Amino acid sequence: MIQHVPAVLTHVVAAAPTGIANDLFDLQMPVLEKVIRTVVIYLGIGVIIRVAGKRLLAQMNSLDLVVVLLLSNVVQNAIIGPDNSLLGGLIGAVVLVGFNAALDHWSMHSPRVAWILSGKATEVVTDGVVDRHALRRLGMTEAELANAVQQQGATTLSEVKRAALEPGGSVTVDLYRDAHAATIADLRRAVDALTAQLQQRPPHTPPLTP
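Remember, predicted model here, so these are calculated numbers, not experimental data. (Residues numbered from 1 in each chain as written. Predicted model: local features only at pLDDT ≥ 70, side-chain atom pairs only at ≥ 80, totals over all residues. Heavy atoms only, no water.)

Thoughts on the overall build of the protein
Part 1 of the reasoning: Across its full length, the protein holds 9 helices and 4 strands.
Part 2 of the reasoning: For the protein, the α and β elements follow one another from N to C terminus as α-α-α-α-α-α-β-β-α-α-β-β-α.
Part 3 of the reasoning: Burial statistics for the protein: of 210 residues in total, 21% are counted as buried.
Part 4 of the reasoning: Relative to all contacts within the protein whose residues are 6 or more apart in sequence, the contacts with residues 24 or more apart total 65%.
Part 5 of the reasoning: If you sum the accessible surface of the protein, you get close to 15200 Å²; carbon and sulfur atoms cover 65% of it. (Helix = DSSP H or I, 4+ residues; strand = E, 2+ residues; numbered from the N terminus. Buried < 20%, exposed > 50% of the residue type's maximum accessible area, 1.4 Å probe, protein only. Contact = heavy atoms within 4.5 Å. Areas by Shrake-Rupley, 256 points an atom, 1.4 Å probe, with all protein chains shown as cover.)

Structural notes on the pattern of salt bridges
Part 1 of the reasoning: All told, the structure shown has 4 salt bridges when counted by the stated rule.
Part 2 of the reasoning: For Glu33, the salt bridge identified is with Arg37, shortest N-O distance 3.1 Å. On the criterion of helical spacing, the pair formed by Glu33 and Arg37 is a turn pair, its members being 4 residues apart in helix H2 (residues 31–52).
Part 3 of the reasoning: What makes Glu33 partly exposed here is its relative accessible area of 30%.
Part 4 of the reasoning: Assessed through its relative accessible area of 25%, Arg37 is described here as partly exposed. (Salt bridge = Lys/Arg side-chain N within 4 Å of Asp/Glu carboxyl O.)

Looking at the UniProt feature "transmembrane region" (unreviewed entry) in the protein
Part 1 of the reasoning: Cross-referencing UniProt, the feature "transmembrane region" (unreviewed entry) maps to residues 31–51, 63–80 and 86–103 in the present numbering.
Part 2 of the reasoning: Between the first and last C-alpha atoms of residues 63–80 the distance is 27 Å; the span itself is 100% helix and 0% strand.
Part 3 of the reasoning: With 100% helix and 0% strand, the stretch residues 86–103 has end C-alpha atoms that lie 26 Å from each other. (UniProt positions renumbered as here; feature names shortened; annotations may be inferred.)

Notes on the sheet that holds strand S3 (residues 160–165)
Part 1 of the reasoning: The strand order S2-S1-S3-S4 describes an open sheet built from 4 strands, whose pairing is antiparallel. Edge positions in the sheet fall to strand S2 (129–130) and strand S4 (171–175), since each of these pairs with one other strand and no more.
Part 2 of the reasoning: Note that S3 and S4 share 5 bridges and pair antiparallel. Looking at the pairing, Leu165 lines up with Val171 of S4. (Pairing = 2+ DSSP bridges.)

Regarding a nonpolar patch on the surface
Part 1 of the reasoning: Where nonpolar side chains cluster on the molecular surface, the patch consists of Leu32, Ile36 and Val40 and spans about 300 Å² of accessible area.
Part 2 of the reasoning: Along the chain, Val40 falls in helix H2. (Patch = residues over 30% accessible without salt bridge, like charges linked within 9 Å, V, L, I, M, F, W, Y side chains within 5 Å.)

Digging into the side chain of Asp83
Part 1 of the reasoning: By the secondary structure assignment, Asp83 is in the loop between helix H4 (62–80) and helix H5 (86–109).
Part 2 of the reasoning: Once you skip the residues sitting within four places of it in the chain, Asp83 turns out to touch Asp26, Leu27, Gln28, Met29, Lys34 and Gly88.

Some details on the environment of Val171
Part 1 of the reasoning: For Val171, the location among the structural elements is in strand S4.
Part 2 of the reasoning: By relative accessible area, Val171 is classed as buried at 10%.
Part 3 of the reasoning: Separated by 49 residues in sequence, Val171 and Thr122 have C-alpha atoms that sit 9.5 Å apart.

Some words on unusual backbone geometry
Most peptide bonds take the trans configuration, and most residues that are not glycine carry a negative phi.
Part 1 of the reasoning: Residues other than glycine seldom take positive phi values, yet Asp127 does so here, at roughly 55°.
Part 2 of the reasoning: Tracing the backbone through its elements, the reader meets Asp127 in the loop between strand S1 (122–126) and S2.

Structural notes on helix H8 (residues 142–151)
Part 1 of the reasoning: Taken residue by residue, H8 has Glu144, Leu145, Ala148 and Val149 as its buried positions. Within H8, the buried residues cover an arc of 135° as seen down the axis, which keeps them to one side. Of the exposed residues in H8, the ones pointing more than 90 degrees away from its buried face are Ala143 and Gln151.
Part 2 of the reasoning: Just downstream of H8, Gly153 is the residue with a positive phi angle, here 105°. (Arc of directions from axis to C-beta.)

A closer look at the packing of H5 against helix H6 (residues 111–118)
Part 1 of the reasoning: Where H5 contacts H6, the axes come no closer than 5 Å and their chain directions differ by 125°. The orientation of H5 with respect to H6, classified from their angle, is oblique. For the pair H5 and H6, the crossing hand works out as left-handed. Of the residues in H6, those in contact with Leu103, Trp106, Ser107 and His109 of H5 are Pro111, Val113, Ala114 and Leu117.
Part 2 of the reasoning: Looking at the contact of H5 with H6 residue by residue, the classes come out as 6 nonpolar, 2 polar and no charged. (Axes fitted to C-alpha atoms, helices over the stretch in contact; angles between N-to-C directions. Parallel < 35°, antiparallel > 145°, perpendicular 65-115°, else oblique. Left-handed = near helix turned anticlockwise from the far one by under 90°. Nonpolar A, V, L, I, M, F, W, Y, C, P; charged D, E, K, R; others polar.)

The structure is reproduced here in structure tokens:
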């Protein structure tokens, strides 16, 4: 029994490189099918996120995080299929990056494509008044809105002139002029203006003594 061990080891060592090469570079499906699977899943996830709304990108709660973490595992088999090769993975990565870059370039030159892919900003606050209908349509709570507004420097919604949820999930806030917090640069400009006014005043003339 022992005398057959070297022969078995020799056979395993000789066969190992071929097996590794097959695992790395032997595609288990046509390249066209790999490309189609990758592009279709990319577009499918894009549609899901587009329908789910901008709130998913802006303020994720714990359940949203679970969905994002599980989403890649759910669609993984649909992309790779029976192919687990290194070459197949590289092809899928190149297709994803290239297709995404092509869509970005297209959307930059076509406002209609940009609207289809990303949508447009949704105004949720106007002159300090919350648009609750827009919030319900976005699936966003007033608490989440208040938190986002406070991160932009507002203390209350009454200080907000306009707030909108952008396609990328960020909240842009325009405050009333009086609601802006003074910065060091603002204080320096005020001091410089006051100093200039004082320098332009005529010198004080002492009263004449009798």
